[in-house]
Amino acid sequence: MRTSRTWWSALLVCAAVAVGAACSGASNSGAPVTATAAGGGPRAGVGPGLSDARDDFKADDGRLRVATTVAPLSSIVLNVGGSLIRVHGLIPDGVDSHTYEPRPSDAEVLGRADMLIMNGANLEGTTERIALQNLRDPARIYKLADHTLAGDDPATGFLYDFSFPRSDGSPNPHLWMNPLYAMRYADLVRGWLTEHDPDHAADYQENYDRFAAVLRALDGAIAVDRLTVPVENRKLLTYHDSWAYWARRYDWHVIGAIQPSDLSEPSAKDLVDLITQIRRERVPAIFGSEVFPSTTLEAISRETGAVYEEKLRDDSPPGAFDDVAHTYIGMLVEDMQIMFDRLGGSAARTAKVPVENTAR
Ligand SMILES: [Zn+2]
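Everything numeric in this text was worked out from a predicted model, so none of it was measured. Position numbers for residues count from 1 along each chain, tracking the sequence in the order it is written. Only residues with pLDDT of at least 70 get local features here, since the model is predicted, and only at 80 or more are side-chain atom pairs given and counted; chain-wide, interface and lining totals rely on the full set of residues. Side-chain descriptors were evaluated using all non-hydrogen atoms of the structure, hydrogens and water having been removed beforehand.

**Details of the packing of aromatic side chains**
Now for step 1: Only Phe, Tyr and Trp rings are paired, with Trp represented by its six-membered ring, and only when their centres lie within 6.5 Å; those with planes under 30 degrees apart are stacked, over 60 edge-to-face, the remainder tilted. Under the defined criterion, the tally for this structure stands at seven aromatic pairs.
Now for step 2: A centroid spacing of 4.6 Å and a plane angle of 25° characterise the contact between Tyr-142 and Trp-192, whose relative ring orientation is stacked. Placement of Tyr-142 in strand 4 (residues 140-143) and of Trp-192 in helix 5 (residues 179-196) is noted, with a sequence separation of 50 residues between them. In terms of burial, Tyr-142 and Trp-192 fall into one category: buried.
Now for step 3: Judged by centre distance (5.3 Å) and plane angle (65°), the ring pair of Trp-246 and Trp-252 falls under edge-to-face. Helix and strand definitions follow DSSP, with helices as H or I runs of at least four residues and strands as E runs of at least two, each counted in order from the N terminus. Relative accessibility under 20% of the residue-type maximum defines a buried residue, over 50% an exposed one, and the middle range a partly exposed one, all with a 1.4 Å probe and only protein chains included.

Given below as structure tokens:
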């Protein structure tokens, strides 16, 4: 990270007394954010007792070998495939999926995989190119987002917003934060696993049905709990711009994302604008990202009095690899508890949704 307390202190003094050009000396350098690996290998949000997402596919026991990318997708795949498949999540927990550069070991794993299931919508950077070079024939690449949304109708299609402006050409890729799109993802996975392994079509269907029931319960619980948040607080200012599809589903107002479109730190001018906006809109809390640790939000919090909450997640489920809650559902449940609580409401109903992997 290029930021430091000293740098931010100088910037905030600058922000407090002047706007724009006077602060240009502290402007954004455009330097890439350094990814912060959480240690260990790739993890997948599997919950205990199922396939290990660190599986390198070296052993061949006849089960489908499914490579995935980010942990929430690995969890969705495992909820459908259960013990019938083996999964390897390529992007380690806590690593920036948008700029992830595959390693030689990823190429080796892809060379042994039967299929790669990725998000698409330009999320995974160069992973697809490495996969095309290394997957065996007839191994296939499947993209979830590209089979979930089409077009750019703001009500039904892909969204372009703060960190993903239309001018850059890539939509906001975080579809999975909407549980109904996660359900669509799971149904797509069911179809693709069945194509490769038709003998277990009924098993994949049963697993999907069980998972979809929990996703429906999650969606219903969030829809009820969101009403406990005062209307004037139903707004979201996050560091990483990953809540667009969640917000569209639950009628929430994403007022901004602090991280610029090049995933660097915001400029001095951006920071001044954000502080002004937080004060004007009386934003009660601002939310960080588990993947992009930043001192920016602490500084903004000090300047505005808004509560800073650092634990909102979109890429890596909570807890250790084999924790029951280290799943896609576990991530959303914890997120809702954090978000609704900080915004003056309660996630009491959402907290009752079972978080464990439902596959058999
Ligand atoms: Zn992201």
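**Description of the side chain of Gln-259**
Now for step 1: Structurally, the position occupied by Gln-259 is in the loop between strand 6 (253-257) and helix 8 (268-280).
Now for step 2: Exposure remark for Gln-259: the relative accessible area of 1% places this residue in the buried category.
Now for step 3: Ignoring anything within four residues of it in the chain, the contact list for Gln-259 reads Ser-163, Tyr-239, His-240, Ser-264 and Phe-292. Any two residues whose heavy atoms approach within 4.5 Å at even a single point are treated as in contact.

**Observations concerning the coordination of the zinc ion**
Now for step 1: Think of the donor list as every N, O and S atom within 2.8 Å of the metal, or within 3.2 Å for Na, K and Ca; water never makes the list, so a site can look incomplete. On the protein side, the zinc ion has His-98 (NE2), His-174 (NE2) and His-240 (NE2) as donor atoms, found 2.0 to 2.1 Å from it.
Now for step 2: Sequence spacing among the residues donating to the zinc ion works out to H-x75-H-x65-H. Here the residue His-98 occupies a position in the loop between strand 2 (85-89) and helix 3 (104-112), and His-174 occupies one in the loop between strand 4 and helix 5, the gap between them amounting to 76 residues.
Now for step 3: Classification of His-98 as buried rests on a relative accessible area of 13%.
Now for step 4: Using a relative accessible area of 0% as the deciding quantity, one classes His-174 as buried.

**Points about the environment of Arg-342**
Now for step 1: Turning to its location among the elements, Arg-342 is positioned in helix 10 (residues 328-342).
Now for step 2: With 57 residues separating them along the chain, Arg-342 and Ala-285 place their C-alpha atoms 6.3 Å apart.
Now for step 3: With residues up to four places along the chain from it excluded, the contact list for Arg-342 reads Pro-284, Ala-285, Phe-287, Val-307 and Glu-309.
Now for step 4: Polar contacts, as counted here, are pairs of nitrogen or oxygen atoms within 3.5 Å of one another; within protein the pair requires one atom able to donate a hydrogen and one able to accept it, and residues that are adjacent in sequence qualify only if both atoms are side-chain atoms. Only 2.8 Å separates the side chain of Arg-342 from the side chain of Glu-309, close enough to count as a polar contact.

**Things to note about the sheet that holds strand 2**
Now for step 1: Strand pairing is assigned whenever DSSP detects at least two bridges linking the two strands. Spatial strand order, 2-1-3-4: four strands in an open sheet with parallel pairing. Where the open sheet ends on each side, the last strands, each with one partner, are strand 2 and strand 4. Neighbour-to-neighbour, the strand axes of the sheet open up by a mean angle of 25°, direction not taken into account.
Now for step 2: Sheet analysis places strand 1 (residues 64-68) next to strand 3 (residues 115-118), joined by three bridges and oriented parallel. Note on strand 3: the bridge partner recorded for Thr-68 is Ile-117. To get an axis, fit a line to the C-alpha atoms, keeping to the stretch in contact for a helix; angles then go from 0 to 180 degrees between the N-to-C directions.

**Digging into the packing of helix 2 (residues 71-81) against helix 6 (residues 201-225)**
Now for step 1: The geometry of helix 2 relative to helix 6 is characterised by a closest axis approach of 7 Å and an angle of 125° between their N-to-C directions. Between helix 2 and helix 6, the angle falls in the class oblique. Together, Ile-76, Asn-79, Val-80 and Gly-81 of helix 2 and Tyr-204, Asn-207 and Phe-211 of helix 6 make up the contact between the two elements.
Now for step 2: Classification used: nonpolar for Ala, Val, Leu, Ile, Met, Phe, Trp, Tyr, Cys and Pro, charged for Asp, Glu, Lys and Arg, polar for all others including Gly. The class makeup of the residues in the contact of helix 2 with helix 6 is four nonpolar, three polar and no charged. What sets the label is the angle itself: under 35 degrees gives roughly parallel, over 145 gives roughly antiparallel, 65 to 115 gives roughly perpendicular, and the rest give oblique.

**Topic: the environment of Val-224**
Now for step 1: Relative to the elements of secondary structure, Val-224 occurs in helix 6.
Now for step 2: When its relative accessible area of 36% is taken as the criterion, Val-224 is described as partly exposed.
Now for step 3: For the pair Val-224 and Ala-347, spaced 123 residues apart in sequence, the C-alpha separation works out to 8.8 Å.

**Remarks on the environment of Glu-303**
Now for step 1: In this structure, Glu-303 sits in helix 9 (residues 296-304).
Now for step 2: We classify Glu-303 as partly exposed; its relative accessible area is 25%.
Now for step 3: Remark: the alpha-carbon pair of Glu-303 and Ile-275, spanning 28 residues in sequence, is separated by 7.5 Å.

**Some thoughts on the pairing of strand 4**
Now for step 1: Two strands pair when backbone bridges link them, and strand 3 and strand 4 are joined in this way by four bridges, in the parallel orientation. Counterpart to Met-118 in the pairing with strand 4 is Lys-143.
Now for step 2: Whether a crossover is right-handed depends on one test, that the path from the first strand over the helix to the second runs clockwise when the strands point away from the viewer. As for the winding sense of the linkage, the β-α-β connection from strand 3 through helix 4 (residues 127-134) to strand 4 is right-handed.

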